[in-house]
Each structure stands twice: as structure tokens, then as C-alpha cells.
Amino acid sequence: MLKNYLKIAWRNIRKNRLYSFVNIAGLTIGIASCLLIGIYVWNELTYDDFNTNKDRIARVTMVYQLSGTKGEIALTGTKAGPEFKRRFPQVEAYVRTMKDALSLANGTKAFDEKNVLYADKDFFSIFSFPLLKGNPETVLDAPGKIVLTEKTARKYFGTENPIGKTLRVNGGKDYEVTGIAGDAPLNSQVQYNVIISFKSIWGADRERWTEANYVTYLLLKRADQIKPLGKQLKLYGENMKEQEFHLQAGSTDYVSFNLEPLQSVHLQSAVKGGLEPAGNITYIYVLSVVALLILLIACVNYTNLATAQSVGRGTEIGIRKVMGAGKMQLLKQFLGESLVLTIIALLLAFIVSAAILPLFNAVTNKSFSVDQFLSPAFIGAALLLCLVVSIISGAYPAFVLSNTKLVSILKSGLQISHSGGGIRKVLIIFQFVIAVFLTAATIIVLNQVSYIQRKDLGYNREQIIVLPVDYKTRGVYDQLKYDVKNNPNVLSVTGSYEGPVSIGWGDGITADDGSGKKELSLNATPVDLDYLRTMGMQLVAGRDFIRNDFLLQDTSNNYSNYRSAYILNENAVKQLGWTPEQAIGKTIQKGSPGSVVGVVKDFNFESLHTPVGPLLIFLDTSMVREMYVKIKPEQAASTIAGLEKIWQSRVLHRPFDYHFLDEDFSALYKEEQRTAKLFSLFSGLAIALACSGLFALAAFTTVQRTKEIGIRKVLGADIANITFLIAKQFLVLVAIAILIATPLAWLAGNSWLQNFAYRADIHWWIFIIAGATAVIIALSAVSYHAVRAALANPVKSLRTE
């Protein structure tokens, strides 16, 4: 019996090639979309799940209120881990980590490593990263120890055994290679190519609550201790107040701590300062819904075409009923046909997914492999999806056909009721609601990404080359800067601790203008001369830093006479209660006293998700970590080649490695750019699927109305009349879909834009474009068959119909 069902299903597929092609192609695209989005969503939802101790690991965050400003960061000082282990018996172990970029060299083989992790000795016992060579207890237990991944080790040592050999770090000390680690899984918040012992950091042996630059993880003895210990840490931090953090007695300022379970960090934490940029659970929900909607469009295509096709299967169904076929047998037959089509589509979907996986990786910035499609869990989920899809898409046609009465078939053939036609109309509307909604949502996302790229940030990031500066490079910084400035294609040169794209340094100042002390918590950045000029920032009052400002920095007598020059932004001046002009000459203190010499116009020194806050810029070249070179746009390649020669003559310990400042800016919005690309891809698929179904349905409708069209032509109807006649019924449905989709897309887009402090408006033309796109494509799909029918010879159609 099963063999007979399959044979008939295959014959029906071959007999109706157009409908079968549309159905199989639609289901293939729908299932392939689900497979691709499925591996992405699964990768995100299972972040850090590979760790054996995942339920017992927590990240420490620091919660504070300073000068009335509240905040929370995922960074701590060096003291948090060791102190919590000493004071709280629930803590079994801790690991302090920090990401860095530095230069490694083995003789003449020197490379810049951008994915370097400093970690404590218990790193490999807390996390489940594979250590292929070396003792996990000792590979990171002392200063000067380094662990490499296999790929990194081959880069420096080839096929030699690297254990016991040394690498020179930043042209200074030699570090011993003590271990070889496996690569971190893709879905891990801890990533590395090189791991260096935490004790190698200068000053790491001094335990300090302040200088919060480190991400600290705790391993607890039991998973159920995370929440209770988090409450204890909060009270502990608040109670140590004045003694530990030098906060004034009686003030409302405080510093305390919190714990975040490891598995909740990636998608559920909004705290800044982690080792890797966090994901967004909202995007996971959105992508899951998009995959489901695309699959539903494919299912609707099948349902519509199967019910429309069924008119031509009256004879087959009548003969089956006369021969004794029962309702259940017919139901199995038609559901079987749906299952056969879906299985074919599933096999093709696997092939399509594997073929476009490199493109998908490029869009999502991931490194998925075909092996992930072949895991037992994934194959099982795909088969379950196949079964569900075949039932959803085939259930209604199967019930309609199996419930048809024999008397009706023998009297007038198989007829689909008006209710069945109504359901088809509802399904077409549903398809285009999804398509128009996704198109409008895509335009909103693209418009916001374009707004981000075009917005005046308050500085000019174009044509600025960024060069790394380590402690050894700082020794030749002045000579390097002098040589670079002498290049005729260089407009200006400066340096700072971190770029203006993302200033994360947190600090505080005290101001006293005679009316009492005012404290302000703010961001700060140390810079070199010409910083404002190089970045194209605008002064609204005062002046820029000058060389004489260095003379104020008197380090004699134990820094007792040390003074600084400061520049504040407009927001900081406003919060201190001054106008820009009033601020000039005012004395503020940040460790050392100094005068405000300038006020810079507010610029976005964080993501556009965040409004501009108060900022302090101070002069200090000893903390410069990056050099910025503003070049002429002409002859950029030759300018870079000239910079490389200068670098090689002055910086002997590391290779020439550069990037442009606008690359740092783009990196802030990877999530938005990825969302825009994914939405563009899948909204295009949704439109294509909806129109392919409409194309096949229009073909069927045209055939059904061949006699009517012939009569109308004989009576004088022209091509335009007949085309409009056929297209009208479909275009009305598309118009209804546009009316439904427009408010839904506006609500969804407006909700998403609330994540940005600075956002583009949702213009009316967005919905005009989305609707017009749907109408034009739908009209194209329908008009082909309408025009073809209108051009047919009416005599022939009247003779044969």
C-alpha cells in the first residue's frame, strides 16, 4: 500500500511540473532558511554551554554610584577574586582575565597578536578549554609563562615542539611556552590565540579594588549559591565604603558587587566591559520569527496550489471512491504526497544550505561548518521539522479532498466551495502581510544603519591611520612622531590611550568655584598634542593643548608641584553648572589640580545607543597606546608605504601593522549591520516566495477561466481589459495585505529604534516603497499569464473548452 501511495505521489509530481516546481522550490527555500537560521540561533542560545562547570561559574560586576551617577561594569580591580575567595567559603576558585594586543617574536618571525588573553593559574580548571600539551596546574602559575593555540604555535615554530622554547613579548622580555591549547569554541565569550599568565602583568601582585581593568570569574562550590552570594557581595561592597574606596562618610556614593551566571552573560546581560561584545536576545527572537514566517509562506504556497489543483483531480478521486477507498485512505494518500514533496525539499535544502554556507558566514561573521548540519541532534530536528511542515502544508488540502462526497463528484465534478476560495484569499493576504512587513522592517533597519554612517559625530574619522604603541615604542615615540609628521602627505599626528570612537576610561573630578565642592563622575582620556586638530573636533571656548602645558607637569618633590591642563566637553561643563566661557580658568582636580583651558563641542565617544555623557581630556603622553596619523586622501597607498619605512627604521621589535579609525567605528555596529544584511536576504526570499506562489496560482486561475476569456474577447474586450480582469482579484488582496502590514511594521520598527539614543525617523516613504515593491512584483507575476491568455485565439479556446 505504501509503495502504491509513493508511486501515485511521484506520478502526480511529474504530471504537474509547474506546481511541483513552485512547491518544492518554495519549501526548499523555507527549510534552508530555517536550517541556516537554526544553526545561528542554536549557536547563540548554547553560548558557554560546553563548560563542565557552567552552572557554577559567575562573572563579577561592579555596581557603583559616584557623584550621583549610577552604573555597572563587568570590570573589577585585582583584589576582587582573591579577596572573595578568602572571605566567602562558597568560592572554590577564581580567575582574573584581561584582553590585550601585543607583538610576539621568535627570532625574525614577528607578528602582532590581537587576541591575547591574560589569565590566572586556575583558568584551565575553571573553564573546559582543551589543553593539548602542558600541565593545567602549572602552565600559568608564574610570571613569564605563555600558552599558544596549535595554529599560533605553528606560525612561530613550524613543526617543532614549542614547549620550553621562548617568545619575546613587545621586544622586551622572553616568555616561556608552557602549553598548547585547543581553539576556543565559536560560542564562547572567552576567545584567545595566546594566553599569558596573569602574574606577568606589571603590578598584578598588588591587590587593588580600584583600577578596574579586569574581568573576574568565580567558580562556586554549588550552582544554587550564585544568587545568595551575589546579595552578600552587594552588602559587603556597601559596608567597606570609606576605608576601601575613599568615599566621603555620609555621602550617598557607594561601590558594590554583583554576580552574573556564566550562561546568562552573552544574551541577557547589558553590562559593559566584558571580554567579548554581548549578543542580543531580541535579535534571536526576531530571526527565529523570520525563519518561521518564511517557512509559513512556503506552506501557504503549497496549500493554495494543492487546493486549486484539486479541481483537476475529480476523476481520480471519484474512481477511488467507487473502488471502495475510504476517507482515511484518501487522507493518507494526500498527506503522503505532501510528505514526499517535503522530503525532496529537505534534501535539496541541505544541499542549498551547504552551498551558501560561506556566504552566510560572511553575513553573520561566524565560522560555521557543514559538519554542524550532520550532527545527530540537528538531523533529528530537521526530520521533525520536515514532518511538521508536511502536516501543516498538506492537512487542509487532504481534508478537503478526502471529505468530498462521491455524489457531488459524479454529478458535476470536483468543485471547491466558496469557503475554500475564501481561505485561499486569506492565505494570499497572509503571505503578503509577511512579505511587506519584512520589506518595510528591512528598509527601517537599513535607514538606521545609513543614519549611523552619516551622522555628524563631532569628529572626523576619515583618513586617519591607527598605529599601535606599546611601552617599548613609547621610548621612541617622539622620534617616530617627528619622522611621520615630516611626510608631505601627512596632515597631523597625535596619540591617546584609546580612540574617540569608544572611550571606556571611567574617572571622577572635583571642582571648586568658591560656592562649594562639586564632584562629577565622567569618562576620561589622556592624549598628546594636536589631538583635537587631528580628530577634527571643535572648540567652543578656550584653547587646545600647547607644548608649554607639559612644563606644568613638575614631577619633583614627589609630585607636590604637579599641575595639569584639562579640556572638558559641553556636557561636563553643563553638569558642573557653568557655561563654556565660565569654565575657562576654573580649577578642577583629578589626582592632581589643574586649570580648564578649553571646552570641546560634544562628540559621540560611545555607541549611538548611548547619549553623550561628560568627558575629560587631559595631556599625558606616558599613557599613549595608539598613534593617529591624518593623511591626505590622495596617494594613500604611497603614504602608507612611506609610513612603513619610517616604522621599520624606528620600531625594530614589531612589524608594521595599521588600520583606519573608521574600521573601529564600524566594529561598534556589527550587530546592526548583520541584522540589516539578514533582513535584506530573508525579506527578498519572502517576496520571491509569495510571488512564486501567486505566479502558479495565476496560471491555474487563467486556465480555469479560458472559456470566459474567449467569450469576452469575442464580445470586444481588449488585452488591457482582460489583463486587468485577472490581475484585479490578486491586487486587491495585495492591497489589503499592505494595509495590515504597514502599522505592524511601524510598531516593530519604532520599538527596535528605541535601543538607540540617536535614531532616524520612520518616514512615510518607507511604507510606500515596501507596498509598491509588493504590488509591482505581484503584478509582474500575474500579468504574464493574463497577457498570455489575452493573446490566445478565442476561437480555439471556445472550440476546446
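Everything numeric in this text was worked out from a predicted model, so none of it was measured.

**Student:** What exactly am I supposed to notice about the pairing of strand E9 (residues 194-197) here?
**Tutor:** Every regular strand shows the same layout, with side chains that alternate between the two sheet faces. Covered by surrounding structure in E9 are Val 194 and Ile 196 together with Ile 195 and Ser 197, the residues of both alternating faces. Note: strand E4 (residues 109-119) against E9, four bridges, orientation parallel. Following the sheet pairing, Leu 117 is matched in E9 by Ile 195. As judged from the three bridges shared by strand E6 (residues 145-149) and E9, these two strands associate in the antiparallel manner. In the strand pairing of E9, Ile 146 is matched with Ile 196.

**Student:** Sorry if this is basic, but what is going on with the packing of helix H14 (residues 477-485) against helix H19 (residues 636-650) here?
**Tutor:** Helix packing geometry: the angle between the two helix axes and the distance between the axes. Look at H14 against H19: their axes get within 10 Å of each other, and the N-to-C directions meet at 155°. Between H14 and H19, the angle falls in the class roughly antiparallel. Between H14 and H19 lies a crossing of right-handed hand. Facing Gln 479, Leu 480, Asp 483 and Val 484 of H14, the residues of H19 in contact are Leu 643, Ile 646, Trp 647 and Arg 650. Here the contact of H14 with H19 is composed, by residue class, of five nonpolar, one polar and two charged.

**Student:** How do you make sense of the packing of aromatic side chains when you look at a structure like this?
**Tutor:** Two aromatic rings are characterised by how far apart their centres lie and by the angle between their planes. Considering all chains together, one arrives at 26 aromatic pairs under this definition. With a centroid separation of 5.2 Å and 65° between ring planes, the pair formed by Trp 752 and Phe 756 is classed as edge-to-face. Both residues of the pair, Trp 752 and Phe 756, count as buried. Against the face of Phe 618 rests Lys 590, its NZ or CZ located 4.6 Å from the ring centre. It is Arg 625 that lies over the ring of Tyr 497; its NZ or CZ is 4.0 Å from the centre.

**Student:** Whenever I open this one, the pattern of salt bridges confuses me. Can you help?
**Tutor:** Think of it this way: side chains of opposite charge can pair up when their charged atoms draw near. Overall, the coordinates contain 23 salt bridges when judged by the stated rule. Salt-bridge contacts for Lys 165 lead to Glu 160; the nearest nitrogen and oxygen are separated by 3.8 Å. When its relative accessible area of 30% is taken as the criterion, Lys 165 is described as partly exposed. Here Glu 606 makes a salt bridge to Lys 272, at a shortest N to O gap of 3.1 Å. One end of the pair, Glu 606, is in the loop between strand E19 (592-600) and strand E20 (615-619); the other, Lys 272, is in the loop between helix H7 (262-268) and helix H8 (281-309), and 334 residues separate them in sequence. For Lys 272, a relative accessible area of 44% gives the class partly exposed. Several salt bridges converge on common partners, so that one network encompasses Glu 83, Arg 86, Arg 87 and Glu 207.

**Student:** When you look at the nonpolar core in this model, what are you seeing that I'm missing?
**Tutor:** Here is a general trend for soluble globular proteins: nonpolar side chains tend to be buried in one another's company. Counting 112 residues, the largest nonpolar core has Phe 432, Tyr 459, Met 535, Met 537, Phe 545, Phe 603 and Ile 617 as the members making the most contacts within it. Per element, the largest residue contribution to this core is 16 residues, and it comes from helix H13 (residues 418-454). Not counting residues up to four positions away in its chain, the partners in contact with Met 537 are Gly 458, Tyr 459, Pro 500, Tyr 531, Leu 532, Val 600 and Phe 603.

Conventions adopted
Residues numbered from 1 in each chain as written. Predicted model: local features only at pLDDT ≥ 70, side-chain atom pairs only at ≥ 80, totals over all residues. Heavy atoms only, no water. Buried < 20%, exposed > 50% of the residue type's maximum accessible area, 1.4 Å probe, protein only. Helix = DSSP H or I, 4+ residues; strand = E, 2+ residues; numbered from the N terminus. Pairing = 2+ DSSP bridges. Axes fitted to C-alpha atoms, helices over the stretch in contact; angles between N-to-C directions. Parallel < 35°, antiparallel > 145°, perpendicular 65-115°, else oblique. Left-handed = near helix turned anticlockwise from the far one by under 90°. Contact = heavy atoms within 4.5 Å. Nonpolar A, V, L, I, M, F, W, Y, C, P; charged D, E, K, R; others polar. Phe/Tyr/Trp six-rings, centres within 6.5 Å; stacked < 30°, edge-to-face > 60°. Lys NZ or Arg CZ within 6 Å of the ring centre and 35° of its normal. Salt bridge = Lys/Arg side-chain N within 4 Å of Asp/Glu carboxyl O. Core = buried A, V, L, I, M, F, W, Y, C linked by side-chain atoms within 4.5 Å.

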